[in-house]
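Reading the structure
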Amino acid sequence: MHSFINKYNKDYYGGGLMMLLGLGSVLQGRDYQIGTLQRMGSGFFPVALGVLLMLIGAAIALSAKSAVPEGDQKQLAPEWRGWICITLSIVAFVTLGKYGGLLPATFAVVFISALGDRQNTIKSALILSSAMVLVCIVVFWWALQLQFPLFQWG
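All values reported here derive from a predicted model rather than from experimental measurement.

Observations regarding the packing of helix α4 (residues 102-114) against helix α5 (residues 122-143)
- At a closest axis distance of 8 Å, the pairing of α4 and α5 adopts a crossing angle of 145°. Crossing hand, α4 versus α5: right-handed. The residues of α5 that touch α4, namely those facing L102, L103, T106, F107, V110, F111 and A114, are I122, A125, L126, L128, S129, S130, M132, V133, C136, I137 and F140.
- Residues of the contact of α4 with α5, tallied by class, amount to 15 nonpolar, three polar and no charged.

Considering the packing of aromatic side chains
- Scanning all chains against the criterion turns up one aromatic pair.
- Ring geometry for F107 versus F111: centroids 5.8 Å apart, planes at 10°, classification stacked. Taken together, the residues span about one helical turn, with F107 and F111 both in helix α4 at a distance of four residues.
- Classification of F111 by relative accessible area gives buried; the value is 18%.

Points about the environment of S129
- The residue S129 is located in helix α5 in this model.
- We classify S129 as buried; its relative accessible area is 0%.
- Placed 21 residues apart in sequence, S129 and A108 show a C-alpha to C-alpha distance of 7.6 Å.
- Excluding residues that lie within four positions of it along the chain, S129 makes contacts with F107, V110 and F111.

Let's talk about helix α3 (residues 80-99)
- In a regular helix each residue adds 1.5 Å, so 20 residues correspond to 28 Å; α3 covers 28 Å between its end C-alpha atoms and thus fits that length.
- Of all the positions in α3, only G82, C85, S89, A92 and G97 are classed as buried. The arc that holds every buried residue of α3, seen down its axis, measures 115°, which confines them to one face. Facing away from the buried side of α3, by more than 90 degrees, are the exposed residues W80, W83, V94 and K98.
- On the buried face of α3, the contacting elements are α4.
- Residue G101 follows α3 closely and has a positive phi angle near 110°.

Remarks on a nonpolar patch on the surface
- On the surface, a nonpolar cluster with roughly 950 Å² of combined accessible area is contributed by L128, M132, V135, V138, V139, F140, W141, W142, L144 and L146.
- Counting through the fold element by element, L146 comes out in the segment after α5.

What to know about the packing of α3 against α4
- At a minimum axis separation of 8 Å, α3 and α4 run at an interaxial angle of 175°. Accordingly, the angle class assigned to the pair α3 and α4 is roughly antiparallel. Only P104, A105, T106, A108, V109, I112 and S113 of α4 make contact with α3, whose side of the interface consists of C85, I86, L88, S89, A92, F93, L96 and G97.

A short note on helix α1 (residues 10-29)
- Across its 20 residues, α1 extends 28 Å between first and last C-alpha, which sits within 8% of the 28 Å expected from 1.5 Å per residue.
- Taken together, the buried positions of α1 are occupied by G15, G22, S25, V26 and G29. Looking straight down α1, one finds its buried side chains confined to an arc of 100°; they lie on one side. Within α1, the exposed residues directed more than 90 degrees away from the buried face are L20, L21 and Q28.

About the thresholds
- Residue numbers here run from 1 along each chain, matching the order of that chain's written sequence.
- A pLDDT threshold of at least 70 governs which residues receive local features in this predicted model, and a stricter bar of 80 or more applies before side-chain atom pairs are shown or counted, although totals over entire chains, interfaces and linings include all residues.
- For the side-chain quantities, the full set of heavy atoms in the structure was used; hydrogens and water were omitted.
- To get an axis, fit a line to the C-alpha atoms, keeping to the stretch in contact for a helix; angles then go from 0 to 180 degrees between the N-to-C directions.
- Secondary structure is summarised from DSSP: a helix means a run of H or I of at least four residues, a strand means a run of E of at least two, and numbering begins at the N terminus for each.
- Each crossing gets its handedness from the near helix: less than a right angle anticlockwise from the far helix is left-handed, clockwise is right-handed.
- Whether two residues touch is decided by their heavy atoms; if any such pair falls within 4.5 Å, the residues are in contact.
- As a working rule, the residues Ala, Val, Leu, Ile, Met, Phe, Trp, Tyr, Cys and Pro are called nonpolar, Asp, Glu, Lys and Arg charged, and the rest polar, with Gly in that last group.
- Centres within 6.5 Å are what make two rings of Phe, Tyr or Trp a pair, Trp counting through its six-membered ring; a difference in plane orientation under 30 degrees is then read as stacked, over 60 as edge-to-face, and the rest as tilted.
- Partly exposed describes any residue whose relative accessible area lies between the buried limit of under 20% and the exposed limit of over 50%, with all areas from a 1.4 Å probe on protein chains only and scaled to the type maximum.
- In this analysis, the expected span of each helix is defined as 1.5 Å times one less than the number of residues it contains.
- Each direction from the helix axis to a C-beta atom contributes to the arc, which is the arc of those directions.
- Without a salt bridge and with relative accessible area above 30%, a residue can belong to a patch; like charges are then joined within 9 Å and nonpolar side chains (Val, Leu, Ile, Met, Phe, Trp, Tyr) within 5 Å.
- Computed with a 1.4 Å probe, the accessible areas rest on the Shrake-Rupley method; for each residue, only the protein chains presented here act as cover.
- For this document, the term salt bridge refers to a Lys or Arg side-chain nitrogen within 4 Å of an Asp or Glu carboxyl oxygen.
- Geometric relationships in this document are graded by angle, where less than 35 degrees denotes roughly parallel, more than 145 denotes roughly antiparallel, 65 to 115 denotes roughly perpendicular, and other angles denote oblique.

Shown next, in the form of structure tokens:
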């Protein structure tokens, strides 16, 4: 029995998914005022991000075609560890963001997601999570002054 996903055509599916998400973002962003580069409206960021996602998705899908060597169609098993860790990291971010604040939520989403990669160790996940917390403080709390408390209890 042949699997639909092998190590080469997964790039087609990944690129297609990125293009689909980008298209959805563009379609939703059109409902808001886009504005100009000097006076950006609320729809500018989702539309711009959607276009970038579609371009990157197309590049990924097109590069997959040139990556297939003749006669090499090794089947890959689904990466359940990655799927589970990424899903749990999103749940942890939403829960900790609501009840714990931005820093615990950021640490959790990066740490749990990093554990989805079999090559990462707990030590490397801790280092990556700590670095991202520092980036989060600088970018979101200090530079952008996001109205999301760093810590909150309850």
